[in-house]
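Spelled out from the first residue to the last, the chains are:
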Amino acid sequence: MQVRRFLLPAVLLIAGSLTAIAAGMTTVTQQGRKFSVSDRHISRGDTVRFKNEDKFVHQIYVELPGFTYESDEQPPGENIDVTFPKSGLFEVRCHIHPKMLLRVDVH
Ligand SMILES: [Cu+2]
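Definitions and cut-offs
- Residues numbered from 1 in each chain as written.
- Predicted model: local features only at pLDDT ≥ 70, side-chain atom pairs only at ≥ 80, totals over all residues.
- Heavy atoms only, no water.
- Helix = DSSP H or I, 4+ residues; strand = E, 2+ residues; numbered from the N terminus.
- Contact = heavy atoms within 4.5 Å.
- Areas by Shrake-Rupley, 256 points an atom, 1.4 Å probe, with all protein chains shown as cover.
- Donors = N, O, S within 2.8 Å, 3.2 Å for Na, K, Ca; no water.
- Buried < 20%, exposed > 50% of the residue type's maximum accessible area, 1.4 Å probe, protein only.
- Pairing = 2+ DSSP bridges.
- Phe/Tyr/Trp six-rings, centres within 6.5 Å; stacked < 30°, edge-to-face > 60°.

## Looking at the overall build of the protein chain
In terms of helices and strands, the protein chain carries one helix and nine strands. Along the chain direction, N to C, the helices and strands of the protein chain fall in the order α-β-β-β-β-β-β-β-β-β. Across the protein chain, contacts joining residues at least 24 apart in sequence account for 49% of those joining residues at least 6 apart. On the protein chain, roughly 7,100 Å² of surface is accessible, and the fraction owed to carbon and sulfur atoms is 57%.

## Some details on the coordination of the copper ion
In a perfect tetrahedron of four donors around a metal, the angles come out at 109.5 degrees. In a perfect octahedron of six, they are 90 or 180 degrees. Every protein donor of the copper ion is listed here as His 58 (ND1), Cys 94 (SG) and His 97 (ND1), and their distances to the metal cover 1.9 to 2.2 Å. The sequence pattern formed by the donor residues of the copper ion is H-x35-C-x2-H. Like Cys 94, the residue His 97 is buried in the burial classification.

## A short note on the pairing of strand 4 (residues 47-52)
In terms of strand pairing, strand 1 (residues 25-31) meets strand 4 through six bridges, oriented parallel. Considered in strand 4, the bridge of Thr 26 is made with Val 48. Direction of pairing for strand 4 relative to strand 7 (residues 79-83): antiparallel, over a ladder of five bridges. By the bridge assignment, Phe 50 is partnered in strand 7 with Ile 80.

## Quick look at the packing of aromatic side chains
Describing an aromatic ring pair means giving the distance of the ring centres and the angle of the ring planes. Scanning all chains against the criterion turns up four aromatic pairs. Relative to Phe 90, the ring of Phe 67 lies with its centre 5.4 Å away and its plane at 80 degrees, an arrangement referred to as edge-to-face. Of this pair, Phe 67 sits in strand 6 (residues 67-70) while Phe 90 sits in strand 8 (residues 88-93); the two residues are 23 residues apart in sequence, bridging distant segments of the chain. Like Phe 67, the residue Phe 90 is buried in the burial classification. Members of the aromatic cluster, each reached through a chain of ring pairs, are Phe 67, Phe 84 and Phe 90.

Here it is in structure tokens:
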């Protein structure tokens, strides 16, 4: 009896962690006015974490029919998490540095 009472929360905790793993997280850094990669393949529902490793501000936006995203300014050292809820090819850009481009292929 005593054991069962402690077991249930533990099982729920593990189930919660598995759900978090199922929806993946991948990290892309912004450094030298560039994204660390030019392409990234992810699954629908995954999140890309953008890590600003520059000493100046960046920003993140996606502008496509069906999915748009617009972040606030992203100070040095800060992360922005963007979840991609739909399949497709998405171009991620930065308003401050128009040459920055990351293609995210969501399948
Ligand atoms: Cu930028």
